[in-house]
Each structure stands twice: as structure tokens, then as C-alpha cells.
Amino acid sequence: MILGRVTGNVVASQKYRDYEATKLLIVQPIELDGSDWGEEVVAVDGVDAGPGDRVLLVQDGFAASMAAGKSMAAIDMAVIGVVDEVKFF
Amino acid sequence: MILGRVTGNVVASQKYRDYEATKLLIVQPIELDGSDWGEEVVAVDGVDAGPGDRVLLVQDGFAASMAAGKSMAAIDMAVIGVVDEVKFF
Amino acid sequence: MILGRVTGNVVASQKYRDYEATKLLIVQPIELDGSDWGEEVVAVDGVDAGPGDRVLLVQDGFAASMAAGKSMAAIDMAVIGVVDEVKFF
Amino acid sequence: MILGRVTGNVVASQKYRDYEATKLLIVQPIELDGSDWGEEVVAVDGVDAGPGDRVLLVQDGFAASMAAGKSMAAIDMAVIGVVDEVKFF
Amino acid sequence: MILGRVTGNVVASQKYRDYEATKLLIVQPIELDGSDWGEEVVAVDGVDAGPGDRVLLVQDGFAASMAAGKSMAAIDMAVIGVVDEVKFF
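Remember, it's a predicted structure, so these values are computed and weren't measured experimentally. (Residues numbered from 1 in each chain as written. Chains lettered and ligands numbered in written order. Predicted model: local features only at pLDDT ≥ 70, side-chain atom pairs only at ≥ 80, totals over all residues.)

Before we move on, could you go through the overall build of chain A and cite the residues and values that matter?
When helices and strands are counted, chain A shows one helix and five strands. For chain A, the α and β elements follow one another from N to C terminus as β-β-β-β-α-β. Among the 89 residues that make up chain A, the fraction classed as buried is 56%. (Helix = DSSP H or I, 4+ residues; strand = E, 2+ residues; numbered from the N terminus. Buried ≥ 20, exposed ≤ 12 C-beta atoms within 10 Å, placed from the backbone.)

Run through the environment of D:Glu39, naming residues and quoting values.
Mapping D:Glu39 onto the fold places it in the loop between strand E2 (24–30) and strand E3 (41–45). Sequence spacing of D:Glu39 and D:Pro29 is ten residues, and the spatial spacing of their C-alpha atoms is 7.0 Å.

Please provide a residue-by-residue account of unusual backbone geometry, values included.
One non-glycine residue with positive phi stands out, namely C:Asp48, at about 60°. Here C:Asp48 falls in the exposed class, since 11 other C-beta atoms lie within 10 Å of it.

Describe in detail the environment of C:Val41, supporting the description with residues and values.
For C:Val41, the position within the fold is in strand E3 (residues 41–45). The class of C:Val41 is buried, set by 20 C-beta atoms lying within 10 Å. In contact with C:Val41, not counting residues within four places along its chain, are C:Val27, C:Met77 and E:Ile2. (Contact = placed C-beta atoms within 7 Å.)

Tell me about the pairing of strand E1 (residues 2–13) of chain E, and name the residues and values.
Here six bridges tie strand E5 (residues 78–88) of chain D to E1(E), and the two strands are oriented antiparallel to one another. Pairing of D:Lys87 across the sheet is with E:Asn9, part of E1(E). Pairing of E1(E) with strand E4 (residues 54–58) of chain E, which is carried by four bridges, proceeds in the antiparallel orientation. Each residue of the ladder has a partner; that of E:Ile2, found in E4(E), is E:Leu57. Bridging between E1(E) and strand E2 (residues 24–30) of chain E involves seven bridges; their strand directions are antiparallel. The residue of E2(E) that forms the bridge with E:Leu3 is E:Ile30. (Pairing = 2+ DSSP bridges.)

Please provide a residue-by-residue account of the nonpolar core, values included.
In this structure, A:Val79, B:Leu57 and D:Val79 are the most contacted members of the largest nonpolar core, which totals 130 residues. Among residues more than four places away in sequence, those in contact with D:Val79 are D:Leu25, D:Val27, D:Ala43, D:Asp45, D:Gly46, D:Val47, D:Ala49, D:Val55, D:Leu56 and D:Leu57. (Core = buried A, V, L, I, M, F, W, Y, C linked by C-beta atoms within 7 Å.)

Function cannot be read off these values alone, since they describe shape.
What follows is the structure, encoded as C-alpha cells:
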């Protein structure tokens, strides 16, 4: 998984049923030192993260749908933790 | 997941049975600000999206087949929502 | 999923049992306008495609094994449709 | 799968329940000759690896959650072995 | 899936239980004409391949674990066939 920083959210007409109560975040992928890399993505919020939070982001559809508390939802990216500290040995 | 814009559709001889009633869209991946990036892809339509709609696109085979209402279909990309608004904090 | 054009096949000693009756195609990924991109791949044939056919290619192991009529086979790419027409709105 | 070297760990507020007892490692992907490539990733520790260990890293959500002893956890990368020797024929 | 050539093996302390009897191969991805591309990977051996064999390589965790005869092992790449011939139409 990778780290990211919550930078916004997406409001969507969620016609597909498993999405109805889901919160969608915009997450900027970041390096371990906090610097940005790559493009922002849209992820389901599994931990009620807030603006600016440094978060753990999983990228697999099957795993991510579990994090959102749904067994079969069409989700391919989810925020599953808020990071407190990154330590190098 | 990523955002996209519906730009066309694909008509296919769908010999594999799980595809028979499936609508296939051409979707151009877009940035959060609406600008294009990457190549257009073919995705199953899970929300009855129309021409020009800004949509949410999932990319996992297992998750995507769920969005299309099929538990085991051979699908690896699906449109699962129509986007109303993108907000940055 | 992406489009491709059937350009050859692969004959393999298929020691792993789920492969015994499987036909393997060489598929060149193509753009929506028919031009080539990327490298040719090996895919399981789920629709009995022929030489030169323009086909739909799924890329997920789990989904692809379903298209080949096997629930647990070790397959990560499959041809699941023959394309008749690509239309832009 | 690929090889990596354990270089640190991540402490996270793990609000999503399947993560509560999970140890998260920072792993630098390495070539077979031991040289670095790509960016460090965050992986669940399935084998109690230590600082500097050369490890085997799997990258699939479904498979990786199994390695962590959880059937449905939101995990997309896991350390599943410690490498003793790399041999070329 | 892609083609590869077996170039070595990896000996690992396999603390995660599903790995105990598994043989790990080093495989160099190759083009259809036999030339190398990309970096060598580590794959589970599903067909008892030998040094120098030209093989079929699947890259999905779920599918690959099936090829190794395990339903839930932490495997994301497996050798599932030995190639006899590549033919272009």
C-alpha cells in the first residue's frame, strides 16, 4: 500500500446501489517523507479521515471493498488507516 | 478509482454468455480538473451513463463485475457513478 | 478492458491441469482507431476468435478465468468478445 | 513477486478493524543482485521480518490478506518470506 | 499472460505456512521472438519447469495461487505451462 494526503472529496450521483452511503475522498499520493508524487486519486473512505490527514491507501478492488464494510461493492481504492509516524531503522 | 468522460461506445459480437445484455462505453480518463490524460478505455456501463457524462471508473475485474450486476462475468473495468462535483479542501 | 487484434497462437505443454483444453491466442493491443500499441500478449480464447479478429481483451486473473469457463484456472488475460463497431458520440 | 529489503516501519491509527494487530513495514524493492529500484512501499508483515532482512513481497490484495492470516482484510502488499539465497543456473 | 525463460531459483526461509513445499523460480520475461524485456521476477513453479525452459507466466495473485494447488496462498505470480511453439498467422 502507499501513503497519501487527503486533499478533497467527490460528490457523485451514485446510481449503483452499493455506493449509496459511501464517502469519496480525493487523495494525493505522497512519498514516505511527505512529498507529493503521481496524480491524485479518488478513494472510498474506510476510516472517516479528514482534510490534510496522512493516510494509508490500498489499491485492490476486492480488498478495498472489504475496508468499506461491503463484501461485493465496486470499489478499487480505499483509505484504511491514518498514519501517526514513519520510522526508518 | 479514477474519473473519466464518456466519449463513445463499442458494439461487439458477444459470444461469451455473461456479456449478452451489457452496454460497453468508451471512456477518456480525465484529471480532477477535467483535462484528459492517458488513452481511452472500454468499460461496462453500471449506471446508464450518457454521452459526455463525467463518471467514476473502477478498474478491478472482480469489483467491476459486481457493479455490472454479475457475480462472475469477465469484466475488468466499469462505470459506477456519475460525478456531480469535485471539491478541494 | 482494451481492444486487440488476433495475430497468432501459442502451443504449450500444459502440465497444469486446468489448461488442458484451452486455446491460447497471441493478441496485439490496438487503439480504438485500430493502430497498434504496446507489446503482444498471450490470452485465453473465450469466444473462438479467428486470425485478424478485432477483439475485447480482459486483463484480470479472476475475471478472465470465468470467461474461459473455469472457476479457478490460472489465467490472467482472456478474449471475451469480437468487436463489430467502435462509435464516438 | 519481487524482492525487497526492510528499511523501516509505519505506525498508524488503525481505525479499520482488521488492522488492529497488524505490523506495517517499509520495504525498498531490490533487484536480484540486491541493488535498489523504484520507491519504498508499505507492506503488512506476514513473517515477523526484521530490519535489513531481504524479503519476498507479494502485491495482490486478495493473496496478501491471506498471508496476514485474515481472510478479508484491506491489505494489498505483504512480506511472506525471508530470502536466504538467490541462485542462477 | 506473458512468456518467460527460467534463469534461476530462490531459496527462502518460508515462515508463512502456505509456502512450505513451494519451489520458487527466477524468470526473465521474454518477447514472443525470445528476446529479453523488463526485469527478472520470482514466480511459484506450477509445472516443475527446468533451467532454460520457455514458460507461460500468470501474474494475478488469486489465479496464481490456484496454479500452485493452494486455494489461499500468498502468491502473485506462477509458471503454469511450458511453451512448445509460438505461431503467427
